[in-house]
Amino acid sequence: MNISRPLAGMAAILCAAGLALTGTAGANATEVRAIDMPDHIVNGDFEAYPLGGTALPDPSDGNWTSVDPVNGEYYANGPIWRPISGFDPAVFGWTSNQEDGDNGAFGHDGEQRAHAVELQLDLNGNTYAEITAAQEGTAIRQTIRTIPGAVYTIRLDHTSVSRKHVDAMSVIVGGEKVPMTRIGVNGNGDKLGETSEIIRTTASNEPEIQNDGSVNHEGQWETYEGTWVAESTETVFTFEAVESPSPIHGNLVDNISFEISWPLTYDLNGGSGTVPNRR
């Protein structure tokens, strides 16, 4: 297409979809970006506020905490919730469907706050999330700007807490369960290439905390990938616990991402073109 003339028309089309066109004068490429909402998974590696860092220097029990994204606080046991220095919910990205309550488990009184997301610190220094935090059936989620008709690839790493239980979870996008294919294995017997709406990962590490927990998941992760076609300009990405060893343990996730995998075709000023795969 002739890109010198139709930029205004393209901007009008994208604005109608809740998107904006930006670029630098004389540049050969333009960028389609989200308005007031991210167009990608934010903090998918959970390292925006890593445990043991400046913002979260004193996690509960030394290896985990819960982050309250509404009030910008983290759980420090006791029960004590402390403010997170410089916290920005847009940078943290995550929330959950957890409700207020008190499971009273293992003396962690006051941990169960609405919308909180649990982070854990592995022995190797990696920060990741545990979906089953203080309540059964918990899900963590983000709402993201999407382009109707575009095909997205979703990826994540998942593992069970320990060898004692095979944890299970689902990826739900726009209210639909997404079939996920295992594209990376940990050598514990799961089949490469297996596809299902329920992710299950077999682990071999021994539990060393509260009979089923662990902070040693080196080599235990498996990678999963799925595709999904966007139907609206705003989509909820949900990662939901299905089976866990207990109401407060299960389903560890890390490196969550999604990207446009196929070009989006559009009509413009009587012609046609594509927004190419830019990721």
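Owing to the predicted nature of the structure, the values given are computational and were not obtained by experimental measurement. In this convention, every chain numbers its residues from 1, walking through the sequence in written order. Per-residue local features of the predicted model are confined to residues with pLDDT of at least 70, and side-chain atom pairs are confined, for both listing and counting, to 80 or more; whole-chain, interface and lining totals are unaffected and use all residues. Each side-chain value is derived from all of the structure's non-hydrogen atoms; neither hydrogens nor water enter the calculation.

Observations regarding the overall build of the protein chain
Inference 1: Looking only at helices and strands, the protein chain has two helices and 20 strands in total.
Inference 2: A fraction of 69% describes how many contacts in the protein chain between residues 6 or more apart in sequence connect residues 24 or more apart.
Inference 3: Carbon together with sulfur atoms contributes 48% to the accessible area of the protein chain, which is approximately 12500 Å² in total. Numbering of helices and strands starts at the N terminus; helices are DSSP runs of H or I of at least 4 residues and strands are runs of E of at least 2. Here a residue-residue contact requires only that any non-hydrogen atoms of the pair lie within 4.5 Å. All accessible areas in this document rest on Shrake-Rupley with a 1.4 Å probe, and a residue is counted as covered only by the protein chains that are shown.

Some thoughts on the pattern of salt bridges
Inference 1: The salt bridge criterion pairs a side-chain nitrogen of Lys or Arg with a carboxyl oxygen of Asp or Glu, the two atoms within 4 Å. Summed over the entire model, instances satisfying the criterion amount to eight salt bridges.
Inference 2: Ionic pairing is found between Asp-68 and Arg-113, a salt bridge with its closest N-O pair at 2.7 Å. Taken together, the residues Asp-68 in strand 3 (residues 64-68) and Arg-113 in the loop between strand 6 (95-96) and strand 7 (117-121) connect sequence positions 45 residues apart.
Inference 3: Residues Glu-243 and Arg-200 are paired through a salt bridge, measuring 3.0 Å at the closest nitrogen-oxygen approach.

Concerning the packing of aromatic side chains
Inference 1: Only the six-membered ring of Trp is used, alongside the rings of Phe and Tyr, when aromatic pairs are assigned; centres must lie within 6.5 Å, and planes under 30 degrees apart are stacked while those over 60 apart are edge-to-face, with the rest tilted. Under the criterion given, the structure shown has twelve aromatic pairs.
Inference 2: By way of ring pairs, the aromatic residues Tyr-152, Trp-228, Phe-237 and Phe-258 are connected into one cluster.
Inference 3: Over the ring of Trp-81 we find Arg-113; its NZ or CZ atom is 4.1 Å from the centre of that ring. Only when the NZ atom of a Lys or the CZ atom of an Arg is both within 6 Å of the ring centre and within 35 degrees of the ring normal do we say a charge sits over the ring.

Observations regarding the pairing of strand 13 (residues 180-184)
Inference 1: Any two strands with at least two DSSP bridges between them are considered paired. The pairing of strand 13 with strand 14 (residues 195-196) spans two bridges and is classified as antiparallel. Looking across to strand 14, one finds that Thr-181 is bridged to Thr-195.

Remarks on the sheet that holds strand 10 (residues 151-159)
Inference 1: Taken together, the ten strands give an open sheet; going across it, the order is 5-4-3-7-8-18-10-16-13-14, and neighbouring strands pair in antiparallel fashion. Only two strands of the sheet have a single neighbouring strand rather than two, namely strand 5 (81-83) and strand 14.
Inference 2: Across two bridges, strand 8 (residues 127-130) lies against strand 18 (residues 252-262) in antiparallel orientation. Note on strand 18: the bridge partner recorded for Glu-130 is Leu-252.

Some words on the pairing of strand 17 (residues 234-243)
Inference 1: Relative to strand 17, strand 9 (residues 139-145) runs antiparallel, the two being bridged by seven bridges. Bridging from a neighbouring strand, Gln-142 pairs with Phe-237 of strand 17.
Inference 2: In this structure, strand 11 (residues 167-173) lies alongside strand 17, joined through six bridges in antiparallel fashion. Bridging across to strand 17, Met-169 finds its partner in Ala-241.

Looking at the confidence of the model for the protein chain
Interpreting fine coordinate detail is not advised for predicted regions of low pLDDT.
Inference 1: Chain-level pLDDT for the protein chain is 80 on average; 75% of the residues reach the 70-or-more range.
Inference 2: Values of pLDDT, ranging from 0 to 100, describe the predictor's confidence in every residue of the model. Within the model, the stretch residues 1-35 combines pLDDT values under 50 with 48 contacts to residues more than four positions away or in other chains.
Inference 3: Confidence drops under a pLDDT of 50 for residues 273-279, and excluding neighbours within four residues, the segment shows 22 contacts in the predicted structure.

Regarding the environment of His-249
Inference 1: Here His-249 is to be found in the loop between strand 17 and strand 18.
Inference 2: In this structure the C-alpha to C-alpha distance between His-249 and Asp-167, which are 82 residues apart in sequence, comes to 9.3 Å.

Some thoughts on the nonpolar core
Inference 1: Membership of the largest hydrophobic core comes to 41 residues, with the highest contact counts inside it found for Trp-94, Ile-154, Leu-156, Val-171, Phe-237 and Phe-239.
Inference 2: Every element with two or more residues in this core is listed here: strand 7, strand 9, strand 10, strand 11, strand 16 (222-229), strand 17 and strand 18.
Inference 3: Ranked by the residues each element gives to this core, the list is headed by strand 18, at four residues.
Inference 4: Residue contacts for Leu-156: discarding those within four places in its chain leaves Met-169, Val-171, Met-180, Ile-199, Glu-222, Thr-223, Tyr-224, Phe-239, Asp-254, Asn-255 and Ile-256. We call a set of buried Ala, Val, Leu, Ile, Met, Phe, Trp, Tyr and Cys residues a nonpolar core when their side-chain atoms join them within 4.5 Å. Residue burial is assigned from relative accessible area. The probe radius is 1.4 Å, only protein chains are included, and a residue is buried under 20% of its type maximum, exposed over 50%, and partly exposed in between.

Observations concerning the environment of Gln-135
Inference 1: Mapped onto the elements of the fold, Gln-135 is located in the loop between strand 8 and strand 9.
Inference 2: Classification of Gln-135 by relative accessible area gives buried; the value is 18%.
Inference 3: Separated by 37 residues in sequence, Gln-135 and Gln-98 have C-alpha atoms that sit 6.8 Å apart.
Inference 4: Not counting residues within four places of it along the chain, the set of residues in contact with Gln-135 comprises Asn-97, Gln-98, Glu-99, Gln-112 and Pro-247.

Re the environment of Gly-93
Inference 1: Mapped onto the elements of the fold, Gly-93 is located in the loop between helix 2 (89-92) and strand 6.
Inference 2: Accessibility expressed as a relative area gives 22% for Gly-93, which makes it partly exposed.
Inference 3: Look past the residues within four positions of Gly-93 in its chain and what remains in contact with it is Val-42, Arg-141 and Gln-142.

Some remarks on the side chain of Asp-254
Inference 1: Position of Asp-254 among the secondary structure elements: in strand 18.
Inference 2: As used throughout, the charge tally considers Lys and Arg to be positive and Asp and Glu to be negative, leaving His and the chain termini uncounted. The side chain of Asp-254 is buried and forms no salt bridge, while Arg-155, the nearest opposite charge, is found at 14 Å.
Inference 3: Any N or O atom pair separated by 3.5 Å or less is treated as a polar contact, with the protein-specific requirement of one donor-capable and one acceptor-capable atom, and with residues adjacent in sequence counted only for side-chain atom pairs. Reaching out from Asp-254, the side chain makes a polar contact with the side chain of Asn-126 at a distance of 2.9 Å.
Inference 4: In this structure, Asp-254 is in contact with Gly-44, Asp-45, Phe-46, Asn-126, Thr-127, Tyr-128, Leu-156, Asp-157 and Trp-221, ignoring residues within four places of it in sequence.

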